[in-house]
Amino acid sequence: MTIASPARRIRLFGIEIDVVRLKEAVSQLRAWTAAVDGRCRYVVTPNVDHAVLYQQRADLRDAYAGAALVVADGAPLVAASRLLRKPLPERVAGSDLVPALFDSVQPGESLRVFLLGAEPGVGEKAAEQIAQRWPAVTVVGTCSPPLGFEKDAAENDRIVGKINAAVPDVLIVGLGAPKQELWIHRHGERISAPVAICAGATIDFLAGHRRRSPRWMRKTGLEWLHRMASEPRRLAGRYARDAWVFPRLVWREFRGWE
């Protein structure tokens, strides 16, 4: 059986981004979870920080090239696409995509999920919250990898083995960027889950370990401000760098200097 992919992409800051709405992305993921071809199709969700890193890191460009679905997680990217006359229809954040996918599972259906990432204990708490909110979604395993695990071949083998033994339909990878994209690109061919989603802090949000910004901030493109206020030490430097570099990327694209 051939599983169709999104019909159109735009090229923005060198990144090929799928022109899809949240509902369409969910439908695509549901189709892929039904695939029996043995492939693990992974999803990446670029934001401004990803766009900046993409210019500097060949390994991240390779990871993006291997992605089956690329959706814009960032209001500035959507705004830039419209300014540059390559309009994306809407923002599709990883932290919206995962709950929307869970919402799509109807009574009588089932979806098996594995949570990879977050601090020890957070995945288990997320599993409890998921069971309460989405009874048809079953968390079949969690894993909080130790610091530096990505450089340890034996540890990576153990994690891949644990994921495959759980037989998930969907792997949620919450390791932070660009670690999560690099990890799934490196190990995706060994993973039996039909779908993997690089979803940043989504596991923390599902567990209630971190709180997302109010809905009005998300709709007005101010979620970054809430995130920075919540984690100033970790994010202030990144946002300062991105605020300096990103307008130059937009200007370069506007002038056609790719």
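Residues numbered from 1 in each chain as written. Predicted model: local features only at pLDDT ≥ 70, side-chain atom pairs only at ≥ 80, totals over all residues. Heavy atoms only, no water.

## Here we look at the nonpolar core
Phe13, Ile17, Leu116, Leu171, Trp183 and Ile191 are the most contacted members of the largest nonpolar core, which totals 45 residues. Sort the elements by how many residues they give to this core and helix α2 (residues 48-56) lands first, with five residues. Aside from chain neighbours lying at most four places away, what touches isoleucine 17 is Arg8, Arg9, Ile10, Leu12, Val70, Val71, Ala72, Leu77 and Leu88. Among the nonpolar cores identified, the runner-up in size contains 34 residues, and Trp32, Leu69, Val105 and Val195 belong to it. (Core = buried A, V, L, I, M, F, W, Y, C linked by side-chain atoms within 4.5 Å. Buried < 20%, exposed > 50% of the residue type's maximum accessible area, 1.4 Å probe, protein only. Helix = DSSP H or I, 4+ residues; strand = E, 2+ residues; numbered from the N terminus. Contact = heavy atoms within 4.5 Å.)

## Things to note about the environment of leucine 60
Mapped onto the elements, leucine 60 comes out in helix α3 (residues 58-65). As a C-alpha pair, leucine 60 and histidine 185 span 125 residues in sequence and 9.1 Å in three-dimensional space.

## Digging into the pattern of salt bridges
Scanning all chains against the criterion turns up twelve salt bridges. A salt bridge links glutamate 150 to lysine 179; its shortest N-O distance comes to 3.7 Å. Of this pair, glutamate 150 sits in the loop between β6 (137-143) and α7 (153-166) while lysine 179 is found in helix α8 (residues 179-187), placing the two residues 29 residues apart along the sequence. For lysine 179, a relative accessible area of 29% translates into the label partly exposed. (Salt bridge = Lys/Arg side-chain N within 4 Å of Asp/Glu carboxyl O.)

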